[in-house]
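# Coordinates in review
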There are 2 protein chains.
Amino acid sequence: MPTLIPSDSTVPAPLLVVGSVAFDNVITPQAEQERILGGAASYCSFAASYYTQVRMVGVVGNDFGDADLDRLRARGIDLDGVKLDDSGPTFFWKGKYHENFNRRDTLDIRLNVFENFRPDLPSSYQDSSFVLLGNIHPALQMHVLDQLSGESFVLADTIDLWIETEREALLALIQKVSLFVINDSEAEELTGESNVVLAGEKLLQMGPKSVIIKKGEHGAILFHKDGMFALPAYPVTQLHDPTGAGDSFAGALIGRLASRNRTDFGAIKEAMLFATCTASLTVEAFGCDRLESAGHSEIEDRVSTLQKLISVA
Amino acid sequence: MPTLIPSDSTVPAPLLVVGSVAFDNVITPQAEQERILGGAASYCSFAASYYTQVRMVGVVGNDFGDADLDRLRARGIDLDGVKLDDSGPTFFWKGKYHENFNRRDTLDIRLNVFENFRPDLPSSYQDSSFVLLGNIHPALQMHVLDQLSGESFVLADTIDLWIETEREALLALIQKVSLFVINDSEAEELTGESNVVLAGEKLLQMGPKSVIIKKGEHGAILFHKDGMFALPAYPVTQLHDPTGAGDSFAGALIGRLASRNRTDFGAIKEAMLFATCTASLTVEAFGCDRLESAGHSEIEDRVSTLQKLISVA
């Protein structure tokens, strides 16, 4: 029976999460919702908060309220690294998903205070041994690494924008990361390889210690010097809003590793089960709502279900 | 260590395979080949021949030579049910795959002697306890079932053509089958459900004892009253010709079940590993070439690799 709380005497390591905080307006084929608390750092932090202490770094604007902060605080997230910039509103994104959620359009995007965001770490965060770099500009991701005082296990995510516009900076960054997480279309864009197995092998040769290629409803594949691991997705039947699924996956994945203070091949494989199940909650409601309201036992139940789903015996 | 030959004293049951035999001209982004021995019955039989005695039912025309028959005989396939119709040539198909193999066009199709094909079973085949109904007209598939003398485990495949033109006959057929195998786009077409989990559940409600939805490079999902099972595809890096992959999957799957004389949930899951690995060989060369030349140990090695690929521990 999988449990979120390690049964041995392991002391969970704290996790540093760096990324955007946003308000999103989301339109789906079924519904529409405004002013959703989102952004990579929010999803990553909510997801990771089930596993370990999260230290969050981001920026919010003058429209960010105590109620929003309280949602994060309620999950025990340390907000010392979240800067309030009252010169303007919070990063805003508006998007629309098309039928079957297989395509989305950005209808509006306003960087607002995020435009001048520079992730300077509070000194108390600089010893973080687990670090999640959300999909911000690769030069900013590198700036975070430069402030770390010791050896860290670093997970980095990216988006197609940086592959297209900041390829060199991105290639420099991924040489320094422990686990590079990317989706299948981005992996093809970065490597020029449409075969996901070959794309994963090429990415490994680019320098990261390990790579996960996410395939949405088709699961994810881990590439590691000790082997490959393919995991189907959790069988979601109530898809309401896929926004933040990848960030939730990344947050739960490294949160689980930090909670066990382990980073080996077996630990990453095991953490992928928790990551997949945690992300499956995110997509069942708008924003972080479902993720936030789920309890430990709900995640553990899903991990049990997923284990059965992939078990041959 | 997986082995093709059961280690216990189980006597493999013979397998009846019914379907088309064809000559194919195939054009891929890399190459082109003519007069490839193909058709569902050929791929199914070659694949199943690694596991058990195959009884093949089909029709060939006046262009079908001894060399072609010898290829099938060399795999120990019983050809008593293959009729030679010298009134015309063998079923012919010409197709072209586009970049990345994600789409194919039929350039030419000539039914020839297949147009009047009626699968009448030799009396010695009527006691077959394992039956594979290739993707022929559902009324012909039903005609095979009507000739069986006892209880059989029946696997049926179909294609989009019958979903579009013979829906009622297809729905009548699948109520009688033990395992209905269909790809994801056909499953959506038949059920109207784009979510693969919901589509699988709907298909189960239509009457078959179990259902497998194939997702190509993304693997396959089994729906069964005892549970679900999701299996990633074997990590193919040398894709040359996907023709016959689904037929090879079906042939190896039921061949494996027949070889163990088992049809329970666990046996179907285990057989899916062999099916995936056998189909992975087919796509590495034109036609049945790679499948035909592979030995037992090559399939067993792939099953070992696949087991490691999906193993969390």
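Residues numbered from 1 in each chain as written. Chains lettered and ligands numbered in written order. Predicted model: local features only at pLDDT ≥ 70, side-chain atom pairs only at ≥ 80, totals over all residues. Heavy atoms only, no water.

### Some words on the relation of the copies chain B and chain A
As a reminder of what qualifies: Superposing copies: least-squares fit, C-alpha atoms only, residues required to have pLDDT of at least 70 in both. Contacts are assigned to residue pairs that have any heavy atoms within 4.5 Å of one another.
You can overlay chain B on chain A at an RMSD of 0.0 Å; the transform is a turn of 180° with a shift of 0.0 Å along its axis. Both copies are brought into coincidence by an operation consistent with a two-fold rotation axis. Measuring from the rotation axis to each C-alpha of chain B, the shortest distance belongs to His218(B), at 3.0 Å. A symmetric contact is evident, with 100% of the interface residues of chain B recurring at the interface of chain A.

### Points about unusual backbone geometry
Where we set the bar: The rule is simple: take the accessible area with a 1.4 Å probe, protein chains only, and divide by the maximum for that residue type; under 20% is buried, over 50% is exposed, in between is partly exposed.
Although it is not a glycine, Arg35(A) sits at a positive phi angle of roughly 50°. Residue Asn261(B) is not a glycine yet carries a positive backbone phi of 50°. Overall, the relative accessible area of 42% leaves Asn261(B) in the partly exposed class.

### Quick word on the sheet that holds strand β7 (residues 104-110) of chain A
Residues and elements named next belong to chain A. Let me state the cut-off plainly: Paired strands, in this sense, are two strands between which DSSP finds at least two bridges. Under the DSSP-based scheme used, a helix requires at least four consecutive residues in state H or I and a strand at least two consecutive residues in state E, with every element numbered from the N terminus. Angular values range over 0 to 180 degrees, each being the angle between N-to-C directions of two axes fitted as lines to C-alpha atoms, with helices fitted over their stretch in contact.
Ordered by their spatial adjacency, 4 strands build an open sheet running β3-β2-β6-β7, and the pairing between neighbours is mixed. Each edge of the open sheet is held by one strand with a lone partner, namely β3 (32-38) and β7. The average undirected angle you get between the axes of adjacent strands in this sheet is 20°. In this structure, strand β6 (residues 91-97) lies alongside β7, joined through 6 bridges in antiparallel fashion. Bridging across to β7, Tyr 97 finds its partner in Arg 104.

### Examining the sheet that holds strand β2 (residues 22-27) of chain B
Residue and element names in this part refer to chain B. With mixed pairing, the 4 strands of this open sheet are ordered in space as β3-β2-β6-β7. With partners counted over all chains shown, the strands left at the sheet margins are β3 (32-38) and β7 (104-110), one partner each. Strand-to-strand twist of the sheet, defined as the mean angle between neighbouring strand axes without regard to direction, takes the value 20°. For β2 and β3, the ladder comprises 5 bridges, and the chain directions are antiparallel. The residue of β3 that forms the bridge with Val 26 is Gln 33.

### Side note on the pattern of salt bridges
Rules: Basic side-chain nitrogens of Lys or Arg form a salt bridge, by our definition, when they fall within 4 Å of a carboxyl oxygen of Asp or Glu.
Overall, the coordinates contain 30 salt bridges over all chains when judged by the stated rule. For Asp68(B), the salt bridge goes to Arg35(B), with nearest N and O atoms at 3.3 Å. Of this pair, Asp68(B) sits in helix α2 (residues 66-74) while Arg35(B) is found in strand β3, placing the two residues 33 residues apart along the sequence. Judged by its relative accessible area of 8%, Asp68(B) is buried. A relative accessible area of 44% means that Arg35(B) is categorised as partly exposed. For Arg71(B), the salt bridge identified is with Glu292(B), shortest N-O distance 2.4 Å. Here Glu292(B) lies in helix α10 (residues 289-293) and Arg71(B) lies in helix α2, a separation of 221 residues in the sequence. One network of salt bridges, in which partners are shared, links Glu284(A), Arg290(A), Glu298(A) and Arg302(A).

### Considerations on a negative patch on the surface
Selection criterion: Residues enter a patch when their relative accessible area is above 30% and they make no salt bridge; the linking distance is 9 Å between like charges and 5 Å between nonpolar side chains (Val, Leu, Ile, Met, Phe, Trp, Tyr). Surface accessibility follows the Shrake-Rupley procedure with a 1.4 Å probe radius. Residue values consider only the protein chains on display as shielding. Two residue types count as positive, namely Lys and Arg, and two as negative, namely Asp and Glu; His and chain ends fall outside the count. The atoms used to mark charge sites are NZ of Lys, CZ of Arg, CG of Asp and CD of Glu.
Together, Glu99(A), Glu217(A), Asp160(B), Glu164(B), Asp184(B), Glu188(B) and Glu189(B) make up a region of like negative charge exposed at the surface. Counting residues per element, the negative patch draws most heavily on helix α6 (residues 184-191) of chain B, at 3 residues. Within the element layout of this structure, Glu188(B) appears in helix α6.

### A closer look at the interface of chain B and chain A
For the record, the criterion: The buried area of a pairing is the accessible area, by a 1.4 Å probe, that goes missing from both parts when the two are put together, added over both. The definition of a polar contact used here is a pair of N or O atoms within 3.5 Å, where within protein one atom must be able to donate a hydrogen and the other to accept one, and adjacent residues in sequence count solely through side-chain atom pairs. Gly is put with the polar residues, along with every residue not named as nonpolar or charged; the nonpolar set is Ala, Val, Leu, Ile, Met, Phe, Trp, Tyr, Cys and Pro, and the charged set is Asp, Glu, Lys and Arg.
Contacts between the two partners involve 26 residues from chain B, matched on the other side by 26 residues from chain A. Contact between chain B and chain A buries roughly 2,200 Å² in total, counting both sides, with carbon and sulfur atoms accounting for 59%. Among the residues of chain B in contact with chain A, His218(B), Leu309(B) and Val312(B) are the three that bury the most area, contributing 26% of the side total. The interface formed by chain B and chain A contains 0 salt bridges. Along the contact surface separating chain B from chain A lie 10 residue pairs in polar contact (both at pLDDT 80 or more). At 4 residues, helix α9 (residues 265-282) of chain B tops the list of elements feeding residues into the side of chain B that touches chain A. Taken together, the residues of the side of chain B that touches chain A sort by class into 13 nonpolar, 7 polar and 6 charged.

### Digging into helix α8 (residues 245-260) of chain A
Residues and elements named next belong to chain A. Applied cut-off: A helix is expected to span 1.5 Å for every residue after the first.
Taking 1.5 Å of rise per residue, 16 residues should cover 22 Å, and α8 covers 23 Å from first to last C-alpha, within 8% of that figure. Counting buried positions along α8 gives 13 out of 16 residues, so the element sits mostly inside the fold. Looking at the residues trailing α8, positive phi occurs at Asn 261, about 50°.

Interpretation note: all reported values are geometric properties and have no functional meaning in isolation.
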